[in-house]
There are 2 protein chains.
Amino acid sequence: MESTTEKPFGVHDIREAAARLTAYVVRTPLLSSPVLDAEVGGRILIKAECLQITGSFKFRGALNTLLSLTSKECASGVAAYSAGNHGQGVAAAAAMFGCPSVIVMPDTAPRIKVEGCRWWGAEVVFYDPRRQDRDQVIGAIARERGTVVIPPFDDHRVMAGQGTVGLELAEQLAEKGVRPDAVLVPCSGGGLSAGVTAAVVARYPDAAIHVVEPAGMAKMARSLVTGRPEARDPRRVTIMDGLSGPRVGRRPLTALRAYAVCGLEVTDEEAMRGMAAAFAHLKLVLEPAGAAALAAVLADRIDVRDRTVAVIASGGNVDPSVFARALGVT
Amino acid sequence: MESTTEKPFGVHDIREAAARLTAYVVRTPLLSSPVLDAEVGGRILIKAECLQITGSFKFRGALNTLLSLTSKECASGVAAYSAGNHGQGVAAAAAMFGCPSVIVMPDTAPRIKVEGCRWWGAEVVFYDPRRQDRDQVIGAIARERGTVVIPPFDDHRVMAGQGTVGLELAEQLAEKGVRPDAVLVPCSGGGLSAGVTAAVVARYPDAAIHVVEPAGMAKMARSLVTGRPEARDPRRVTIMDGLSGPRVGRRPLTALRAYAVCGLEVTDEEAMRGMAAAFAHLKLVLEPAGAAALAAVLADRIDVRDRTVAVIASGGNVDPSVFARALGVT
């Protein structure tokens with residue numbers, strides 16, 4: 001049920017977030033590769049959000065939310081549950097403002113993401129995603145310690161922060177004098193997708209928006225059909241750990257339903273080919289989820305011949321062994 | 001011997017090159033990592049030139065030289081000898097202007113660099129660096145085909161093109177309101193070092209300039225002492241293939257001698273640690289030579305405590321197997 005008191009999410013939220021965040025975030029570059037362009041017969045522009053502080057876009061939403069807290073709330077600390085990147089984003093944002101943080105992570109989280117949270121001074125609490133409910137775990141911590149929970153996606157402040165990726169993308173496209181035919185965004189809970197979509201469509205209403213999900217785990221595509229926040233099949237696994245959350249968010253779904261958004265799927269194999277392409281032709285380190293949108297283009301999921309597509313390369317936190325495997329070295 | 005008719009090289013050459021190149025080159029971002037800053041107790045700013053077209057700074061000098069040719073010269077084609085990155089730079093610049101190119105490479109060049117040249121349509125001619133003289137090989141080709149040779153570093157047009165890296169760096173430092181205490185540049189023939197030094201010192205005369213060379217192969221540091229273009233010990237090998245040229249250039253040396261430039265050395269092991277740090281904390285793919293300047297800082301070759309240092313991350317063309325080895329995965 002949509003709360004009747006909450007204002008609808010829109011590009012104004014994102015513009016306000018951008019004004020707040022500009023002094024703290026990296027304006028990540030929009031890159032391209034003649035080799036990749038030739039391979040698809042079109043033009044691919046890659047928003048390199050892996051170059052963001054903490055190695056992913058998650059820092060933006062976390063910081064925007066943290067900046068909305070009172071100093072008393074900040075002093076009591078913040079908590080977050082996360083497969084990894086949201087945790088690092090929250091931990092970094094909290095550290096910058098001297099605010100304690102506790103991050104609840106599945107015990108399967110990549111080591112690089114666990115270490116990232118700890119490096120920023122966060123306390124990491126593990127849970128077993130096969131036996132424990134993360135909402136209960138974090139709820140107990142929040143009650144016990146009086147901390148504010150920063151949600152990973154189902155929150156307008158978080159969505160607005162992530163949307164600043166799309167605002168920058170739209171500006172950078174305009175600076176290059178380019179109109180995008182399509183924009184592809186990796187999607188799990190939907191915070192990034194909802195924010196980027198609102199920001200891009202405000203400037204380029206004709207751009208086709210695609211959310212990219214792991215094959216067989218397209219919970220957002222299904223939610224867009226049913227109109228309800230759908231869960232993913234819990235028995236499936238994917239190398240794209242950043243896209244493996246259990247359920248989409250109600251608010252991101254509501255925001256995305258205002259647009260004609262299409263779903264695309266990529267396999268683990270394709271995501272790894274995207275990582276290898278980013279290594280060879282862009283000199284970027286992408287994690288599997290971060291390569292999903294690029295992978296969808298390279299796997300011909302949409303026709304980009306003679307077209308211009310922008311893809312969000314959302315993060316680069318990947319363990320060396322997984323990266324080496326994607327490069328075909330093991 | 002210095003030619004008496006040649007005007008001295010200076011920042012005006014670089015400013016002219018920047019005006020010519022701006023429409024074609026990537027203004028590569030100046031990145032940083034809180035983790036690396038904390039590790040050294042200072043501030044490291046990384047000029048990510050691996051994100052340049054062809055994956056290295058070499059495209060700048062090649063294009064600046066190509067743009068100085070007459071259309072008749074261009075139609076006859078260009079030739080270059082290269083361990084790899086200069087070849088790719090020349091091949092790409094030539095392809096953009098419909099000019100044929102032939103690249104002479106050692107048969108030990110990394111495959112990714114050979115393929116890069118060919119991708120741009122260049123003809124690749126291999127030579128055996130242990131038995132053949134590359135100047136003779138390329139001289140024969142140039143005479144036979146009437147092509148113009150684009151030198152890798154001993155040329156003011158090339159030095160000016162590479163110097164645009166330093167011009168951008170100086171601008172980006174100013175945009176951040178930061179004065180660099182030191183600037184570190186990987187150095188082989190000296191084209192990049194000479195250009196970056198002239199550009200940076202014009203704006204920041206107090207910045208300490210360091211050229212970084214492979215341990216035991218510090219031909220530029222030696223040349224700065226003797227005043228003559230020195231050769232390296234031909235029996236030594238290094239993983240930093242981009243820094244393994246046989247001799248420094250006369251013109252770069254002349255330009256560098258006008259400044260108080262110091263030499264630093266890094267081992268192969270240290271370069272690989274630099275690559276691993278760039279992977280983990282910057283999400284950048286660096287080749288061994290491209291990581292040399294960052295490696296020098298991380299290996300405590302200079303004292304950066306409470307200081308700000310800028311390092312040029314000059315390129316990212318590295319074979320997957322070498323990259324995996326640097327990450328400790330083999």
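Nothing here was measured: the structure is a model prediction, and the numbers come from that model.

**Q** Would you mind going over the sheet that holds strand 2 (residues 43–48) of chain B with me for this structure?
**A** Think of a sheet as strands paired side by side through backbone hydrogen bonds, with each pair either parallel or antiparallel. Residue and element names in this part refer to chain B. Within the open sheet, the six strands sit side by side as 1-2-10-7-8-9. Their pairing is mixed. Both outer strands of the open sheet, strand 1 (30–31) and strand 9 (261–266), are each paired with one neighbouring strand and no more. In the sheet, strand 2 pairs with strand 10 (residues 308–313) via six bridges, with the strands oriented parallel. Bridge pairing in strand 10 places I46 opposite V311. The strands touched by helix 10 (residues 219–226) within the sheet are strand 8 (208–214) and strand 9, with strand 8 carrying the most contacts at an inclination of about 125°.

**Q** It is not clear to me how the relation of the copies chain A and chain B should be interpreted in this structure. Could you clarify?
**A** For the pair of chain copies, the relating operation is a rotation around an axis with a shift along it. With an RMSD of 0.0 Å, the operation that places chain A on chain B is a rotation of 180° combined with a shift of 0.0 Å along the axis. Here the two chains are linked by the operation of a two-fold rotation axis. Judged by C-alpha distance, L284 of chain A is the residue of chain A that lies nearest the rotation axis, at 2.5 Å. When the interface residues of chain A are mapped onto chain B, 100% of them again fall at the interface, so both copies present the same face.

**Q** Help me out: how do you make sense of a nonpolar patch on the surface in this one?
**A** Taken together, the side chains of Y24, M96 and F97 of chain A make up a nonpolar region of the molecular surface, amounting to roughly 250 Å² of accessible area. By secondary structure assignment, the location of Y24 of chain A is in the loop between helix 1 (11–21) and strand 1 (30–31).

**Q** Which parts of the structure should I look at to understand the packing of helix 1 (residues 11–21) of chain B against helix 3 (residues 58–66) of chain B?
**A** A pair of packed helices is captured by two measures, namely the crossing angle of their axes and the spacing between those axes. All names here are of chain B. Where helix 1 meets helix 3, the axes come as close as 10 Å, and the angle between the chain directions of the two elements is 90°. As the angle between them shows, helix 1 and helix 3 are arranged roughly perpendicular. Of the residues in helix 3, those touching helix 1 at A17, R20 and L21 are R60, L63 and N64. Across the contact of helix 1 with helix 3, the residue classes tally to three nonpolar, one polar and two charged.

Procedures and definitions
- Residues numbered from 1 in each chain as written.
- Chains lettered and ligands numbered in written order.
- Predicted model: local features only at pLDDT ≥ 70, side-chain atom pairs only at ≥ 80, totals over all residues.
- Heavy atoms only, no water.
- Pairing = 2+ DSSP bridges.
- Helix = DSSP H or I, 4+ residues; strand = E, 2+ residues; numbered from the N terminus.
- Contact = heavy atoms within 4.5 Å.
- Axes fitted to C-alpha atoms, helices over the stretch in contact; angles between N-to-C directions.
- Least-squares fit on C-alpha atoms with pLDDT ≥ 70 in both.
- Patch = residues over 30% accessible without salt bridge, like charges linked within 9 Å, V, L, I, M, F, W, Y side chains within 5 Å.
- Areas by Shrake-Rupley, 256 points an atom, 1.4 Å probe, with all protein chains shown as cover.
- Salt bridge = Lys/Arg side-chain N within 4 Å of Asp/Glu carboxyl O.
- Parallel < 35°, antiparallel > 145°, perpendicular 65-115°, else oblique.
- Nonpolar A, V, L, I, M, F, W, Y, C, P; charged D, E, K, R; others polar.

Structural measurements only, silent on function.
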